[in-house]
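For reference, the chains in residue letters:
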Amino acid sequence: MNPAPANAPRPSRFRPWLEEHGSKLLLFARQQTRSIADAEDILQNALVKLARKVEEGTFVGDQQAWLAFIYTQIRRESIDLGRKDDRRRKREELVVEDKKTLGSDIDLPHFENSENMDETRRILEGGLKGLPKKFSEVIHMKLWGERTFAEIGEALDISLNTAASRYRYGIEALRKQLATARLNGDL
Amino acid sequence: MDAELNKLEEELKKLSPLGMPDDMISRLDSAMARWHEHVPVEEKIVPLNQEPAESTGNWLGWRSVAAVAVMGAGVAFISGGGNPPANPSVASSVSEARVGISTAAFTPSDARAKILSTNDVGVIWTKSGQAVRCMEVNATNTVYFQNEEGEQVIVEQPTREVVFLPAKID
């Protein structure tokens, strides 16, 4: 095993937690943004805020509450980023193009083993990407973030019932996509 | 939710989020370790119009001498038993340091202004298109008069002024 370089920074106390939850947080951040770079930016901003609160002793709750905090912060950061982008486009008088022509990495897979995935999962992944954001973000938080509807409501500033409704509607929409694929002989 | 949707939920859960690359983990971890180097945006913002602090100061060099002279004349009338001054507000509040003061001439020895409160009325636009913030300032002006015999009379006058400050509009 090669020793770490002498000038390599020491891992912070957050690293183990980051290694455990990083992928699902990145997934949510990518769902909220247009590129992996933007996703990493807003995720980093959210994580730094968490680190600040924890180290300053102002964070309310234990480590179990970190995840809920980060989801909320990712959402807020993505909203801020969206506003900055809108202002920049207005200033520069750029036309907002279809995201598929932007040349960004928006179409890169979100899940592992995309190439070897069976057709059902491939359709589900595509369906998730195509869902309106307000439905897909609830699904992401519920299934991979393992958040409760109450926590989802708090993070997205909606009621618990609205969160549950959007989740059911999103899942139902995916079910219909699968049903259509079967009718078309794709499955 | 029915069985079919539950089954779909289970299928979705089998999707595993793409792992975060090691270099990204390191970058994020490093950023978290250096949290103290990041200043929140809200701490970078300094309000443009702050509430003016309560202040007292030497008023003589700031306000017109004529106003002081009017007060002095008013005090002279009161102490000399003369006719009421033309400006009744001058004599509205007089406290005597001693009972039975003489009629010797009093001259102002000190003057102070104390701001009691301010009220931000809001931004208005002048005819020339300039934005100005309208501030109502309530203050108390205190003038100290003293004669050759060391007797002192203190005159307090409440004032209310409206000032206009240039306002920055984004």
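As shown above, the structure is provided for reference.
So, a few notes on the structure that sits alongside this text. Small disclaimer: the values here were computed from a predicted structure and weren't measured.

Analysis parameters
- Residues numbered from 1 in each chain as written.
- Chains lettered and ligands numbered in written order.
- Predicted model: local features only at pLDDT ≥ 70, side-chain atom pairs only at ≥ 80, totals over all residues.
- Helix = DSSP H or I, 4+ residues; strand = E, 2+ residues; numbered from the N terminus.
- Pairing = 2+ DSSP bridges.
- Buried ≥ 20, exposed ≤ 12 C-beta atoms within 10 Å, placed from the backbone.

### Examining the overall build of chain A
- Helix and strand content of chain A: 7 helices and 0 strands.
- Starting at the N terminus, the α and β elements of chain A follow one another as α-α-α-α-α-α-α.

### Structural notes on the pairing of strand β5 (residues 152-166) of chain B
All names here are of chain B.
- With 15 bridges joining them, strand β4 (residues 131-146) and β5 adopt antiparallel strand pairing. Counted as the bridge partner of T140 is P158 from β5.
- What sits between the antiparallel neighbours β4 and β5 is a turn of 5 residues, in which G150 has the positive phi angle 85 degrees.

### Remarks on unusual backbone geometry
Residue and element names in this part refer to chain A.
- Notably, E146 is not glycine yet its phi reads approximately 55 degrees, a positive angle.
- With respect to the element layout, E146 can be found in the loop between α5 (133-143) and α6 (149-156).
- Among the residues examined, E146 registers 12 C-beta atoms within 10 Å and is labelled exposed.
- For D157, which is not a glycine, the phi torsion comes out positive at approximately 60 degrees.
- Note on placement: D157 falls in the loop between α6 and α7 (160-183).
- Given 11 C-beta atoms within a 10 Å radius, D157 is considered exposed.

### Points about α5 of chain A
- The buried fraction of α5 of chain A amounts to 8 of the 11 residues, a majority that puts the element mostly inside the structure.
- Considered for burial, the residues of α5 of chain A that qualify are F135, S136, E137, V138, I139, H140, M141 and K142 of chain A.

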